[in-house]
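What follows is each chain in one-letter form.
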Number of protein chains: 6
Amino acid sequence: MHHSVSEADAARIARFRPASGMETPRFAGLASFMRLPVRAPDSAEGVEIGLVGIPFDGATTNRPGARLGPRGVREASTGTRMVNHASGIAPYALAACADLGDVPVNPIDAAATCRRIEAFFADLRGQGIVPLAVGGDHLVTYPILRALGQGRPLGLVHIDAHSDTDDVQYDGTRLTHGTPFRRAVEAGVLDPRRCVQIGIRGSMDAADERDWACGQGIRIVTMEEAVARGLPEIVAEARAIVGAGPAYLSFDIDALDPAYAPGTGTPEIGGFTAREALYLVRALRGLDLVGADLVEVAPPLDPSGVTALAGGQLAFEILCLLADAVAARRAGAG
Amino acid sequence: MHHSVSEADAARIARFRPASGMETPRFAGLASFMRLPVRAPDSAEGVEIGLVGIPFDGATTNRPGARLGPRGVREASTGTRMVNHASGIAPYALAACADLGDVPVNPIDAAATCRRIEAFFADLRGQGIVPLAVGGDHLVTYPILRALGQGRPLGLVHIDAHSDTDDVQYDGTRLTHGTPFRRAVEAGVLDPRRCVQIGIRGSMDAADERDWACGQGIRIVTMEEAVARGLPEIVAEARAIVGAGPAYLSFDIDALDPAYAPGTGTPEIGGFTAREALYLVRALRGLDLVGADLVEVAPPLDPSGVTALAGGQLAFEILCLLADAVAARRAGAG
Amino acid sequence: MHHSVSEADAARIARFRPASGMETPRFAGLASFMRLPVRAPDSAEGVEIGLVGIPFDGATTNRPGARLGPRGVREASTGTRMVNHASGIAPYALAACADLGDVPVNPIDAAATCRRIEAFFADLRGQGIVPLAVGGDHLVTYPILRALGQGRPLGLVHIDAHSDTDDVQYDGTRLTHGTPFRRAVEAGVLDPRRCVQIGIRGSMDAADERDWACGQGIRIVTMEEAVARGLPEIVAEARAIVGAGPAYLSFDIDALDPAYAPGTGTPEIGGFTAREALYLVRALRGLDLVGADLVEVAPPLDPSGVTALAGGQLAFEILCLLADAVAARRAGAG
Amino acid sequence: MHHSVSEADAARIARFRPASGMETPRFAGLASFMRLPVRAPDSAEGVEIGLVGIPFDGATTNRPGARLGPRGVREASTGTRMVNHASGIAPYALAACADLGDVPVNPIDAAATCRRIEAFFADLRGQGIVPLAVGGDHLVTYPILRALGQGRPLGLVHIDAHSDTDDVQYDGTRLTHGTPFRRAVEAGVLDPRRCVQIGIRGSMDAADERDWACGQGIRIVTMEEAVARGLPEIVAEARAIVGAGPAYLSFDIDALDPAYAPGTGTPEIGGFTAREALYLVRALRGLDLVGADLVEVAPPLDPSGVTALAGGQLAFEILCLLADAVAARRAGAG
Amino acid sequence: MHHSVSEADAARIARFRPASGMETPRFAGLASFMRLPVRAPDSAEGVEIGLVGIPFDGATTNRPGARLGPRGVREASTGTRMVNHASGIAPYALAACADLGDVPVNPIDAAATCRRIEAFFADLRGQGIVPLAVGGDHLVTYPILRALGQGRPLGLVHIDAHSDTDDVQYDGTRLTHGTPFRRAVEAGVLDPRRCVQIGIRGSMDAADERDWACGQGIRIVTMEEAVARGLPEIVAEARAIVGAGPAYLSFDIDALDPAYAPGTGTPEIGGFTAREALYLVRALRGLDLVGADLVEVAPPLDPSGVTALAGGQLAFEILCLLADAVAARRAGAG
Amino acid sequence: MHHSVSEADAARIARFRPASGMETPRFAGLASFMRLPVRAPDSAEGVEIGLVGIPFDGATTNRPGARLGPRGVREASTGTRMVNHASGIAPYALAACADLGDVPVNPIDAAATCRRIEAFFADLRGQGIVPLAVGGDHLVTYPILRALGQGRPLGLVHIDAHSDTDDVQYDGTRLTHGTPFRRAVEAGVLDPRRCVQIGIRGSMDAADERDWACGQGIRIVTMEEAVARGLPEIVAEARAIVGAGPAYLSFDIDALDPAYAPGTGTPEIGGFTAREALYLVRALRGLDLVGADLVEVAPPLDPSGVTALAGGQLAFEILCLLADAVAARRAGAG
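Residues numbered from 1 in each chain as written. Chains lettered and ligands numbered in written order. Predicted model: local features only at pLDDT ≥ 70, side-chain atom pairs only at ≥ 80, totals over all residues. Heavy atoms only, no water.

A. Fine view of the relation of the copies chain B and chain A. The two copies are related by a screw motion: chain B maps onto chain A through a turn of 120° and a shift of 0.0 Å along the axis, at an RMSD of 0.0 Å. Such a turn and shift between the copies fits a three-fold axis. Relative to the rotation axis, the closest C-alpha in chain B is found at B:A259, a distance of 3.2 Å. A share of only 9% of the interface residues of chain B reappears at the interface of chain A, consistent with the copies meeting through non-equivalent patches. (Least-squares fit on C-alpha atoms with pLDDT ≥ 70 in both. Contact = heavy atoms within 4.5 Å.)

Written as structure tokens, this is what we have:
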């Protein structure tokens, strides 16, 4: 069932249609996300969902390259079309979407970049724009959550190979791509009891490295548990954990197996297939999502381009969720 | 159970054995399909199955490169051996196979190329040679079907991410790699009620884009349905749809997930694994196949070469089906 | 010596500055040419130089991929900066430059695409915009020349491995990437006696294949002659041939040696180094250029990306020539 | 349940800890296996498990490159950490592990290299060091088995696409990467009735090519059987076949599907996923393993590096098995 | 000046024309050398120049991959055309050329392979066929020289980064890709005083490693000397050294700088450019060449393909020399 | 002329010989720099030249990847041998060389990393070890210079495409890979009047961006000047500028043209060839070098590996300079 859209809304929304591949080839034109219109954040009137690049990988402790993720995902995303064939969601008919460009990062200064990101997304929140961010390394999620969760601790579905709830590394560095969710819980912008992490795997630095997260009430579903119990059961539990409140979806491309996503800084074998990832994302329809991100696509590490491809197509799937949520809220508010 | 071959036939067939990897390495020698003998179409006496390259990608609306598919698949196919380990089929003992070279395409002119392809395959049909074509983009299937289905509308098993039943694109272009099956139905060389498409997925240009195909009676099995019901059930239905009449198998390599086949123009995540593809092809044994193709392998888009590898090994599997069908018909006629 | 710019012009021009790499990293933001502002051709008021992509390779008779050239060159060009360190030209201070997007090509129909290109560039000419086109295969130069040379046959500096003055191929195909300059001479939009081709090399289909061009008066400088006589002498002759009239510069990336530009459809060993190419382009300063192009960059054929890099940096050099010419004409008209 | 380690042993073992990624990044420092300390075999006192490279591919009959496997696997293995998240095994707390460098191979002489390998591993056996070898092509397993099985024919779990029990090739060559297990059975160092091969697939040179192995009592589980019956059943049978006696694990990376491991000489589509491989390896815990190897990683054939990644992470999993076995034997002996 | 060809010869020669790129695209059809007709050595009547692949790299002491050289060079060579644009030589009008397939090598046994190569080329010599061999590693030159120099010690122009006159390696291995010219001198099939090596460079294992070669009278021109004196002077000296007697040309692709030929086992920076290589080869016209080879192209080490491209185009240049020599001898004999 | 070495020194030095490629293949064994022995800095007794990796690219403002430079250069450097064929220098006979591992960097914190680097190199200086550092991005040179130039401002030969004398970027970031030499001059550890930068090129952010450097007395030789005047003249001037005092050599791999070194973060076309780079480095023999570095090799950006190859072979050349300088000082002190 699709949410109805008023005629006035439909007219407004229609100004934000992607270029059609039936008229010009998908490889033509500047590569904006999904071939959407480009708007600067200060002239984004009418926009409901803003796609934003965050080309920062200065907090990665492994192989770099995710700073080139936004360009790679933009290019790959131009292959997506108008309608989700599985869910029937037509995102560009449900909500006004635009490419809002990139956050002005400082590649050398993680703290300064976090401040810029937080300000950027706070501004979007002020305008009522729901963001879909494309990283960049996973640290970028922390300032986004600060902006979106300020005053309303969010629920979280976090799909990833890693829990990213470390504390410090290298004698005290606190802002790394391994710490965003710990920092966000500490900052009070995530409600740990409404958080679920799915797909966690890979060897550990210490046997107790997940104790903090579990102690906070974060639910960690390892890849082994996900396989053993089956995704339908996992998704049902995840939906119950997150509940009806405002929630955020963070998708780290390394949740996928390296066969599907070799181009990422910290790959771990034994991950999800693309089909499973599609199932997971689609199954989250109906959550009250107020934002989402897709991170850790590192194009230089993948000469075949399948990582950016998966990133671009999953970004489309996530966009469908957000458009559905926007339309639901609009309908609810109507 | 394998079809028996008379002594006279066996002697004739024995002249068409591939070079053996036990005598010279598989990487040695010119790369013909499966290291088979090479024959020009006008000196193909005794040949029962002809492998043919069609190095044309001038009808692709996405990323090009499939014109280099025949060379890539030839090279990769030299790694295949004599006997199918799963089915036990020994194709070179069942039928006389040869590499017949490439159709003389015009890379710039789709219509002229279609005429040349149709003439080439009509000639093979006239000689009683069953073709296994290697593309090239998917448009090439249309003129093949015109040649093989003239006077006997064929059934079809079509394994692909895309239905390829579009009508026109870019203000009226009718011959693209997205239209071959529509054109073939219009030309009366495909019987749509005996057609099944398996693996269809990916976002759609419009919500109604599959209406024409379904309206004609073509059965579309989406990837989601295939996963939900399971391949055995899908295959059983496909066999029932195609029935006992003459049939064609068209395998677009993008049916595979991009992890398995990154080297193709229009990849869609969430596709078949190679194991599923092997299952599907092998399960079609016994259909009355009069030809087949494998298309859309684009080597420049895959630096690891797994796409051509999958293409070459699936071509061997399809060849086993054709050899079995040839032997069945010979035995039936005997 | 640099052309002076009036205060009023400077103010107008200042609205078209690229994003600075000192403020946001060069890998940030959508990849427009040189990080320039983007304007649609129908809202290009004030623009003096328009960078235009032509993502078409449907006329290539060799390896495809140049349709992806505009995206590759755009991305690589974002690494260029504000001032030419060798000539001192500051193009964005001399002329108002913008990225005008791509021509809406039809990848399957060379004739239709030529019509669209011609109309696109005729419109730019009507607006007084000097184009810098990025291909695409070399056929695209033909319709550009039709638009720019209509009524005023142009002079030409053509840097390339191939003369591209063939007549027909494959039983009569006349619009290929090997024929644009013959077609342009036939159409009366090029003045062959003011045309010079530099860097021609590679084995020939026939001993007399350059007779037509030479017979028309086109001056062909082979690579061997260029090396033997030295570039200063070649450039002096080229400038004399082209003279003071309106002229066009066409740079095929395969003029470079494959070590410098592997990502192109028809590479020929023994080409120019990048240093020589920089010398050649810079030495053309002062010609009355009314347009230019850079073609045949095929990113899928170059996993290291140096071809697009050379393309992007040479496009900047060519842009400096055009900006200088625009400023010269403005100054002359003032 | 984990085996207990005495305080004295723990102190000794603690001298062989890998460098921690929490202190210096995993990409820092010389790439030893798992960032372990490096010891020459003649100064390996205290070492219980020795990781050894065998950079030899001179016996491969297909695409070469596995001679570069040890370096590739070393580098990729530096991303593994201290504790197995699935089994809880902390190998560096259970056994003293070290990188013992490479066997001094002769790339041109397979027989000489076999002698050197056998001597190298016989020496390790003499020192009571359990080896984990990283190839190299699969021939290297033969001399290892000669060293380890001398006087005590071993059981074997062999995970591979190929049975590698050929006899001769090319007029009598007996030492190839297709023959190690036949040679080992002939040499009396493998007990064929305690041998199981899992994942065998790919077309065959002859219908009877597995007859010798089966005739000897080797149990061959094809990929098709493994899929049909499910891995738990297969593993149970394998454990029963190998039994309680001393055993060896040989893992050929081409057991994985080419999507997961494109960088290998003789890829066969339809292989195991990485998740299945992890399951298989982990399920072998408890066997009395006296050595193991991981072979046929050929980095030049995989520009994305996922093959070496899978190799490095599977090597860690195998190391966990060996450490567990060492601790079990130590506890049993204590 | 070109050698005249009698009408009868011209008619015979005309049966061995390559397929024309003006009729079918160069990427079409099986990849034979230069798209030439294929003949087995035992049915090569009328052939004067035979192109032969030797897919063997079992004697390489560095990175492997040259066994895939013949396929890579064949594919790249299909881009060459009919006439040498620099020299005007039209090889297919001067001599009957054919692709004679590959020598049946044993990848594991260097000695056996040498015997097979020698027999193969002795047979060609017996038929009066001049060979152009494509390796394979450089050891293959040794058995070729044994076949061609038997009874008439040959002169040699050897273009390479390495002298390849080592004696033994690894405790006595005498047949490696570093020893062919020492072995050939020892066998009496090379006349060392008529041998010149050009382009030698790279660090040395010992200060006296060139003493043996110099002591024999072989003239070694280092890269540094070649640069300092200039190629014209070097070539003049080389021609004087080789003189008028029968001679052989051996071109190791690693003579080129790695920028031009990254795909080779033992690259050394500071090598020839492609333009210099073309100059060197063309300048050898007029030598009494009785055979030639091009070796050490290793396609897996070069994802951009420029190495095979250089190999294919240099092979065409060498073919022009051989055709000229064949025509000269025919004219001289006439 | 080579510096003599006393018998006692020769005996000490002989303990630090690299593994020989005549005994084990160059691809065997752990990849230490030049296959040298590995010593920790705290047990480096007897070492005179220490090769050190600095795997840090956290200060790069362009494409990352140089953190993987030390591993890439180590691996490529294993192909170098014992004696410089051009100069005759045998570095391992002149000085005791060892691989001292990597500086323990913090990938996220440039300031902390600078402190660690400075401390590391100050310790080496205290031990009398001359360092050859391999980066990493160019910022790493700044703390090295702080350690080596403390109390004795150094002269500098700086070979690079970029001057790297910027002041700040992104609102005040002072430690970037574009600022090391400005910071070093400000810190008084470089004597700007004894500094020369060679090869500078590429477009500029502002017309006056080199004013600061020139104002300080640094001599900037652009690529254009270097080509115009010729390298012998440039080198003579550089030697005169640096003079007889203690000096440092910093080689940024992007000084090479991208054809020779595509794998670097900020490539600029029109750079040096490898032959020119060899000439430049060798021509610096005799300077009183107290340290050197080679930086900005970014392996993920170069799938062919030629960049790391150039880095490894140039590192050998630089090592020859350092060994010569060490021997000269030893001889002078003796």
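So that's the structure; there's more coming.
B. Up close: the sheet that holds strand β6 (residues 219-222) of chain C. Residues and elements named next belong to chain C. Sheet architecture is open: eight strands sit in the order β2-β1-β3-β8-β7-β4-β5-β6, paired in parallel fashion. The sheet is open, and its two edges are formed by β2 (97-102) and β6, each paired on a single side. Geometrically, the sheet is characterised by an average inter-axis angle of 15° between neighbouring strands, direction not taken into account. By the bridge criterion, four bridges tie strand β5 (residues 190-200) to β6 in an arrangement that is parallel. Bridge pairing in β6 places Q197 opposite I220. In the packing of helix α5 (residues 141-149) onto the sheet, the strands contacted are β1 (49-54), β3 (130-135), β4 (154-159), β5, β7 (246-252) and β8 (288-295), and the crossing angle to β7 comes to about 170°. Strand contacts of helix α9 (residues 231-242): β4, β5, β6 and β7, with the helix running at about 165° to β5, the strand carrying the most contacts. (Pairing = 2+ DSSP bridges. Helix = DSSP H or I, 4+ residues; strand = E, 2+ residues; numbered from the N terminus. Axes fitted to C-alpha atoms, helices over the stretch in contact; angles between N-to-C directions.)

C. Representation of the interface of chain B and chain A within the structure. Residue-level contacts link 35 residues of chain B with 27 residues of chain A. For the chain B and chain A pair, buried surface summed over both sides reaches about 2,500 Å², with 57% attributable to carbon and sulfur atoms. Three residues stand out in chain B for area buried against chain A, namely B:S203, B:D205 and B:I269, and they jointly supply 29% of the buried area on that side. One can count four salt bridges joining chain B with chain A. Here B:D205 ties to A:R26 by a salt bridge, and the two come within 2.9 Å at their closest N and O atoms. It is helix α8 (residues 223-229) of chain B that provides the largest number of residues to the side of chain B that touches chain A, a total of three residues. The residue inventory of the side of chain B that touches chain A, partitioned by class, reads 17 nonpolar, 10 polar and eight charged. (Buried area = accessible area lost by both parts, 1.4 Å probe. Salt bridge = Lys/Arg side-chain N within 4 Å of Asp/Glu carboxyl O. Nonpolar A, V, L, I, M, F, W, Y, C, P; charged D, E, K, R; others polar.)

D. Quick peek at the relation of the copies chain E and chain C. With an RMSD of 0.0 Å, the operation that places chain E on chain C is a rotation of 120° combined with a shift of 0.0 Å along the axis. Taken together, the interface assignments show that only 11% of the residues at the interface of chain E recur at the interface of chain C, consistent with different surfaces on the two copies.

E. Region of the structure containing the packing of aromatic side chains. Taken as a whole, this structure holds 18 aromatic pairs over all chains when the rule is applied. On the numbers, 6.5 Å between centres and 75° between planes, the contact of C:Y260 with E:Y260 is edge-to-face. Placement of C:Y260 in the loop between β7 and α10 (274-282) and of E:Y260 in the loop between β7 (246-252) and α10 (274-282) is noted, with the two residues assigned to different chains. On the accessibility criterion, C:Y260 (6% relative accessible area) is buried. Aromatic rings pair up to connect A:Y260, B:Y260 and D:Y260 into one cluster. (Phe/Tyr/Trp six-rings, centres within 6.5 Å; stacked < 30°, edge-to-face > 60°. Buried < 20%, exposed > 50% of the residue type's maximum accessible area, 1.4 Å probe, protein only.)

F. Representation of the sheet that holds strand β4 (residues 154-159) of chain A within the structure. All names here are of chain A. The parallel open sheet is built from eight strands, whose spatial order is β2-β1-β3-β8-β7-β4-β5-β6. Looking at which strands have only one partner, the edges of the open sheet turn out to be β2 (97-102) and β6 (219-222). Geometrically, the sheet is characterised by an average inter-axis angle of 15° between neighbouring strands, direction not taken into account. The pairing of strand β3 (residues 130-135) with strand β8 (residues 288-295) spans three bridges and is parallel. The residue of β8 that forms the bridge with L132 is A292. The strands touched by helix α2 (residues 69-77) are β1 (49-54), β2, β3 and β8; relative to β3, the strand with the most contacts, the crossing angle is about 110°. Contacts from helix α4 (residues 110-126) reach β1, β2 and β3, with the element oriented near 175° to β1.

G. Inspection of the UniProt feature "binding site: Mn(2+)" (unreviewed entry) in chain A at higher detail. Taking the UniProt record as the reference, the feature "binding site: Mn(2+)" (unreviewed entry) is found at A:H138, A:D160, A:H162, A:D164, A:D252 and A:D254. These residues run over 117 residues, yet every pair of their C-alpha atoms falls within 12.1 Å of each other. Along the chain, A:H162 falls in the loop between β4 and α6 (180-186). A:H162 gets classed as buried once you look at its relative accessible area, which sits at 13%. Ignoring any residue separated from it by four or fewer positions in sequence, one finds A:H162 in contact with A:I200, A:D254, A:T266, A:E268 and D:R81. A polar atom in the side chain of A:H162 sits 3.1 Å from the side chain of A:D254. Here A:D254 is in contact with A:D160, A:A161, A:H162, A:R201, A:T264 and A:T266, once residues within four sequence places are set aside. (UniProt positions renumbered as here; feature names shortened; annotations may be inferred. Polar contact = N/O pair within 3.5 Å; in protein donor to acceptor, adjacent residues only side chain to side chain.)

H. View of the interface of chain E and chain C. Every contact between the two is made by 27 residues of chain E and, on the other side, 35 residues of chain C. Buried area between chain E and chain C, both sides added, is near 2,500 Å², and the carbon and sulfur share of it is 57%. At the surface where chain E touches chain C, the tally comes to four salt bridges. For the pair chain E and chain C, the interface holds 14 residue pairs in polar contact (both at pLDDT 80 or more). Broken down by secondary-structure element, the contributors of at least two residues to the side of chain E that touches chain C are α10 and α11 (306-333) of chain E. Of the residues forming the side of chain E that touches chain C, the biggest block, six residues, is contributed by α11(E).

I. How the structure looks around the environment of C:T165. Residues and elements named next belong to chain C. Along the polypeptide, T165 turns up in the loop between β4 and α6 (180-186). Among the residues examined, T165 registers a relative accessible area of 3% and is labelled buried. The spacing of T165 and P192 is 27 residues in sequence and 11 Å in space, taken between C-alpha atoms. Residue contacts for T165: discarding those within four places in its chain leaves G178, F181, R182, Q197, W212, A213 and I218. Only 2.7 Å separates the side chain of T165 from the side chain of S163, close enough to count as a polar contact.

J. Fine view of the packing of helix α2 (residues 69-77) of chain B against helix α11 (residues 306-333) of chain B. All names here are of chain B. One way to put it is that α2 packs onto α11 with a least axis distance of 8 Å and a crossing angle of 70°. As the angle between them shows, α2 and α11 are arranged roughly perpendicular. Viewed along their axes, α2 and α11 form a crossing whose handedness is right-handed. Of the residues in α11, those touching α2 at G72, V73, A76 and S77 are A308, L309, G311 and G312. Split into classes, the residues belonging to the contact of α2 with α11 amount to four nonpolar, four polar and no charged. (Parallel < 35°, antiparallel > 145°, perpendicular 65-115°, else oblique. Left-handed = near helix turned anticlockwise from the far one by under 90°.)

K. Quick peek at the pattern of salt bridges. Residue and element names in this part refer to chain C. Scanning all chains against the criterion turns up 157 salt bridges over all chains. One salt bridge connects R330 with D9, and the closest N-O pair in it is separated by 3.7 Å. Placement of R330 in helix α11 (residues 306-333) and of D9 in helix α1 (residues 7-14) is noted, with a sequence separation of 321 residues between them. Each member of the pair, R330 as well as D9, is classed as buried.

L. View of the pairing of strand β1 (residues 49-54) of chain B. All names here are of chain B. The buried fraction of β1 amounts to six of the six residues, a majority that puts the element mostly inside the structure. Across the two faces of β1 the burial is the same, with I49, L51 and G53 and G50, V52 and I54 all buried. Examined bridge by bridge, β1 and strand β2 (residues 97-102) share four bridges and lie parallel to one another. What sits directly across from G50, in β2, is A98.

M. The arrangement of the side chain of C:T176 in detail. Mapping C:T176 onto the fold places it in the loop between β4 and α6. Using a relative accessible area of 0% as the deciding quantity, one classes C:T176 as buried. One polar contact links the side chain of C:T176 to the main-chain amide nitrogen of C:G178, over a distance of 2.9 Å. Among all residues touching C:T176, those that are not within four sequence positions of it are B:I108, C:A59, C:T61, C:L139 and C:Q169.

N. Summary view of the packing of helix α4 (residues 110-127) of chain C against α5(C). Residue and element names in this part refer to chain C. At their nearest, the axes of α4 and α5 sit 8 Å apart, and the two run at 35° to each other. Like other packed secondary-structure pairs, α4 and α5 cross with a definite hand, here right-handed. Contact with α4, carried on its side by C114, I117, E118, F121, A122 and R125, involves P143, I144, R146, A147, L148 and G149 of α5 and no other residues of that element. Here the residues of the contact of α4 with α5 are counted per class, giving eight nonpolar, one polar and three charged.

O. Here's a closer look at α2(B). For α2(B), a buried count of eight out of nine residues is recorded, marking the element as mostly surrounded by other parts of the structure. All of the buried residues in α2(B) are B:G69, B:P70, B:R71, B:G72, B:V73, B:R74, B:A76 and B:S77. Buried residues along α2(B) sit in contact with β1, β2, β3 (130-135), β8 (288-295) and α11 of chain B together with α2 (69-77) of chain E.

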